[in-house]
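# Topology and contacts: notes
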Amino acid sequence: MKSIVNFIQKTQSKYRYSIILLKQLVITDFKLRYKGSALGYLWSLLKPLALFAVLYVIFVHFLRFGADVPHFAVSLLIGVILWNYFVEVTTNGLASIVGRGDLMRKLSFPRYVIVVAGSFSALINLAINLVVVGMFVLFNGVELTWNALLIIPLIFELFIFALSIAFLLSALYVRFRDINYIWELMVQVGFYATPIVYPITLVIAASPLAAQLMLLSPIAQIIQDARWAIISVDTPTLESVYGNPLMYLVPLGFVAVIAIFSTLYFKKRSPGFAEEI
Amino acid sequence: MDNGTVISVKDVSKNFKLPHERTDSLKSVFAHPFKSRSRSETQHALRNISFDVKEGEFFGIVGRNGSGKSTLLKIIAGIYEPTKGSVSINGRLVPFIELGVGFNPDLTGRENVYLNGALMGFSRKEINDKYNSIVDFSEIERFMDQKLKNYSSGMQVRLAFSVATILAQSDILLIDEVLAVGDADFQAKCFAYFKQLKRDKKTVILVTHDMNAVKEYCDRAILIDESKIIAEGPASKIAAAYSKLFFEKEVGQKTRQLRRGSNTVTIQDVKVTPSKLNEKVDVFQFEMTIKAHEEVTNPVVGFMVKNQAAQSIYGTNTNIEEVRLGTLKAGEIKQVTWTLPNIFGKGIYYIDPSIIEEGTTAVYDWWEEAASFVVHNEKNTPYIVNPRFKVEVTAKASKNVSKK
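Residues numbered from 1 in each chain as written. Chains lettered and ligands numbered in written order. Predicted model: local features only at pLDDT ≥ 70, side-chain atom pairs only at ≥ 80, totals over all residues.

## Comments concerning the overall build of chain A
A tally of helices and strands in chain A yields 13 helices and 0 strands. Along chain A, helices (α) and strands (β) appear in the sequence α-α-α-α-α-α-α-α-α-α-α-α-α when read from the amino end. Computed over the C-alpha atoms, the radius of gyration of chain A is 20 Å, within 12% of the 19 Å expected from 2.2 N^0.38 for a compact globule of 277 residues. Its C-alpha atoms put chain A at 65 × 50 × 40 Å along the principal axes. The buried share of chain A, taken over its 277 residues, is 38%. The contacts in chain A between residues at least 6 apart in sequence include a share of 80% that link residues at least 24 apart. (Helix = DSSP H or I, 4+ residues; strand = E, 2+ residues; numbered from the N terminus. Rg over C-alpha atoms; globule rule 2.2 N^0.38 Å. Buried ≥ 20, exposed ≤ 12 C-beta atoms within 10 Å, placed from the backbone. Contact = placed C-beta atoms within 7 Å.)

## Some thoughts on the overall build of chain B
Of regular secondary structure, chain B possesses 9 helices and 21 strands. Across the 404 residues that make up chain B, the buried fraction comes to 34%. Within chain B, counting contacts between residues at least 6 apart in sequence, those at least 24 apart form 73% of the total.

## Points about the pairing of strand 7 (residues 204-208) of chain B
All names here are of chain B. Taken across its 5 residues, strand 7 has 5 buried, putting it largely inside the fold. Note: strand 6 (residues 172-176) against strand 7, 4 bridges, orientation parallel. Note that in strand 7 the partner of Asp176 across the bridge is Val207. (Pairing = 2+ DSSP bridges.)

## Details of the domain arrangement of chain B
Domain parsing of chain B yields domain 1 (5-248) and domain 2 (258-375). A C-alpha centroid distance of 42 Å is found between domain 1 of chain B and domain 2 of chain B. (Domains from an automatic or database assignment.)

## Concerning the environment of Val336 of chain B
All names here are of chain B. Its place among the elements puts Val336 in strand 18 (residues 333-341). Between the alpha carbons of Val336 and Phe286 there is a distance of 8.3 Å; along the sequence they are 50 residues apart. Residue contacts for Val336: discarding those within four places in its chain leaves Met288, Ile290 and Val301.

## Considering the sheet that holds strand 8 (residues 220-225) of chain B
All names here are of chain B. Read across the open sheet, the 6 strands follow the order 5-6-7-3-8-9; overall the sheet is mixed. Edge positions in the sheet fall to strand 5 (93-96) and strand 9 (228-234), since each of these pairs with one other strand and no more. Direction aside, the axes of adjacent strands within the sheet are offset by 15° on average. Against the sheet, helix 2 (residues 69-76) engages strand 3 (58-63), strand 6, strand 7 and strand 8, with an angle of about 140° to strand 3. (Axes fitted to C-alpha atoms, helices over the stretch in contact; angles between N-to-C directions.)

## As for the nonpolar core
Counting residues in each nonpolar core, the largest one holds 140 residues, and the members touching the most others are Leu82 of chain A together with Leu174, Ile205 and Ala221 of chain B. In this structure Leu82 of chain A touches Leu158, Ile222, Ile223 and Ala226 of chain A, once residues within four positions along its chain are discounted. Core analysis: the second largest hydrophobic core is formed by 28 residues, Val296, Trp338, Tyr349 and Ile351 of chain B among them. (Core = buried A, V, L, I, M, F, W, Y, C linked by C-beta atoms within 7 Å.)

## A few points about helix 3 (residues 72-99) of chain A
Given 3.6 residues to a turn, an α-helix orients residues that are three or four positions apart in the same direction. Residues and elements named next belong to chain A. End to end, helix 3 covers 39 Å across 28 residues, agreeing with the expected 40 Å (1.5 Å per residue, within 8%). Its maximal kink placed at Gly93, helix 3 deviates by approximately 25°. Helix 3 sits mainly inside the fold: 20 of its 28 residues count as buried. (Expected span 1.5 Å × (residues − 1). Bend = angle between axes of the 7 residues up to and from the residue.)

## A short note on the interface of chain B and chain A
Accessible area lost during the coming together of the parts is what is often quoted as the interface size. Taken residue by residue, the interface counts 24 residues in chain B and 20 residues in chain A. Elements represented by at least two residues in the side of chain B that touches chain A include exactly helix 1 (26-31) and helix 3 (109-119) of chain B. Ranked by residues supplied to the side of chain B that touches chain A, first place goes to helix 3 of chain B with 5 residues. For the side of chain B that touches chain A, the class distribution of residues is 12 nonpolar, 6 polar and 6 charged. (Nonpolar A, V, L, I, M, F, W, Y, C, P; charged D, E, K, R; others polar.)

## Quick look at unusual backbone geometry
All names here are of chain B. A cis amide bond, omega -15°, links Thr273 with the succeeding residue Pro274. Relative to the helices and strands, Pro274 is located in the loop between strand 11 (265-273) and strand 12 (276-277). The backbone phi angle of Lys201 is positive, close to 60°, even though this residue is not glycine. By the secondary structure assignment, Lys201 is in the loop between helix 6 (184-199) and strand 7. Look at Ser227: it is not a glycine, yet its phi comes out positive at around 75°. Along the chain, Ser227 falls in the loop between strand 8 and strand 9.

## Quick notes on the packing of helix 3 of chain A against helix 6 (residues 151-175) of chain A
Residue and element names in this part refer to chain A. Between helix 3 and helix 6, the least distance of the axes is 7 Å, while the angle of their chain directions is 30°. Taken together, the axis directions place helix 3 and helix 6 in an arrangement best described as roughly parallel. As helix 3 runs across helix 6, the sense of the crossing is right-handed. The residues of helix 6 that touch helix 3, namely those facing Leu82, Tyr85, Phe86, Val89, Thr90, Gly93, Leu94, Ala95, Ser96, Ile97 and Val98, are Leu158, Ala162, Leu163, Ile165, Ala166, Leu169, Ser170, Ala171, Tyr173 and Val174. For the contact of helix 3 with helix 6, the per-class residue count stands at 17 nonpolar, 4 polar and no charged. (Parallel < 35°, antiparallel > 145°, perpendicular 65-115°, else oblique. Left-handed = near helix turned anticlockwise from the far one by under 90°.)

## Some thoughts on the pairing of strand 3 of chain B
All names here are of chain B. In terms of burial, strand 3 is a largely internal element, 6 of the 6 residues being buried. Neither face of strand 3 is exposed, since Phe58, Gly60 and Val62 on one face and Phe59, Ile61 and Gly63 on the opposite face are all buried. Relative to strand 7, strand 3 runs parallel, the two sharing 5 bridges. Residue pairing across strands places Phe59 opposite Ile205, the latter belonging to strand 7. The sheet contact formed by strand 3 and strand 8 spans 5 bridges and is parallel. In the strand pairing of strand 8, Gly60 is matched with Ala221.

## A few points about the packing of helix 5 (residues 112-139) of chain A against helix 6 of chain A
Residue and element names in this part refer to chain A. In the contact formed by helix 5 and helix 6, the axes pass within 10 Å of each other and the chain directions differ by 140°. When the axis of helix 5 is compared with that of helix 6, the two are oblique. For the pair helix 5 and helix 6, the crossing hand works out as right-handed. Residues Val115, Val116, Gly118, Ser119 and Leu123 of helix 5 lie in contact with helix 6, whose contacting residues are Phe159, Ala162, Leu163, Ala166, Phe167 and Ser170. In terms of residue class, the contact of helix 5 with helix 6 is built from 8 nonpolar, 3 polar and no charged.

Here it is in structure tokens:
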């Protein structure tokens, strides 16, 4: 009985520290992010908007993508913003442990807090960006339905997926310093292998099989579902492409597996970080 | 843990694998998938360390550089995992391994207080309660809303020290000797803090190689050498054991051999007698045996004494002393004996003997740190030399004083 009380107290104090640290790191990161820049937090909006503008001009005006897609501008923006979030969490996460080597060598604190803090900072960014999406939704006259609430579980899925990959990459990076180059490459490939700048309808028209495979990736599934939830129920999703809702088990299962694997791997490696960095 | 024990270190060993070829890139994994990558040397940093620290005890961990004491500190602090054994801690341990961990130059002093506090596990509320005391103690109130990068290094240390000392008032403290850095003013503050900790019966572990601090503050200590505990007991006993260790290990050895010269005349042997000095010794001898390998005339034999910080303290040569060695035939051996005044402060000293051609600067033989000696005074001043002074205070006729 005494040992149970002891255990509970121990767990409480363990997480107390993590929560205090997490809060402070997120606050610090938020304060430091645009410190010294004239436009400050506006950059959080300007960056995705600039990318969106470029993509919009090229793909919609010149290449005439998405002429058949309703509210393609909003659709494009949703894709860009969700993808950017994923990239931010994973690339920042990758370097987070190695980058804080000085702390690791001098203090004992739960190592995972550093990675989690990074993903929360990106989440704040994502929230700001979603406000922009909201404005576009209004300007474009998109008719919102209750479906839009589905964005919450979708972002949750994206959060878990991105964080898991960040855990895996950050722990691997301590040992293998090639990982950042590999990941950079994968991010680039991923950007074009995911229906972000081009509508999935284009892929379906060319090869339905390619579209089916493409949507098995959690990130493509999330982006398409988000478009479905916000813009129109006509947007092709994993379910409509396969005609079988059970196919959701593939991307969701993948997220679950990677989350468990990454957490275990990180947990196993983290006691040695101080020595290895 | 039995009653009153707050830290219990049980049979802790730590091995470091020092890889000969680091597997830093994936290429090496792919290029040689079947090659064993375990080609590494195991360094035993700590072997079977066990001790207990009781509540309210000021406990010292002492040892020379490289003895393993810093590794032990990091294991107690939870930064390293022990390879074997366990450390159990009853209470909240606050490590002062370095002041101002995580300080960010782009944040203000105030923001850094909260960040640094959070890293030590203190919530915003806890820090709010003590914020004013921290600022008061640091004496830099005016600068709290300025960015840390505009602080002088002295101000940064002050702030860091204040955060650490004010916040960690109800905890077990693990203090590394780093606290002894800084200006004299700050050192005085540190020592005053140690005294206060001792008065308040705080549980403290102090890791140091400053025997004066051990004797003054610690109740009990352990001495670590070559990865093992070689002594445990009252502070005075450990301080004595530590000094003994130095005499045994450092004295009389011909240390790091750095020699240059044409070898026309060579230094065959050097000897310092006695090689352990204290303030009772006024003079000591340095003997050099030299051998000519060709016929030479009036080689200039000299020496220089330097301290551990490689500062030259004094030296001379036969030319300056106006002593001529005359002509040495090939194979001839001479002994040169110097009598040196002992003006040294506590520490280790090295002697660089040399032989130079007369009238030029051509070196026959120059042997850096050929010999060493240790000075262990009871009284010490913090200056480079520590000669014996006389001071007299006498009465003076009072009219001279009152006149003005």
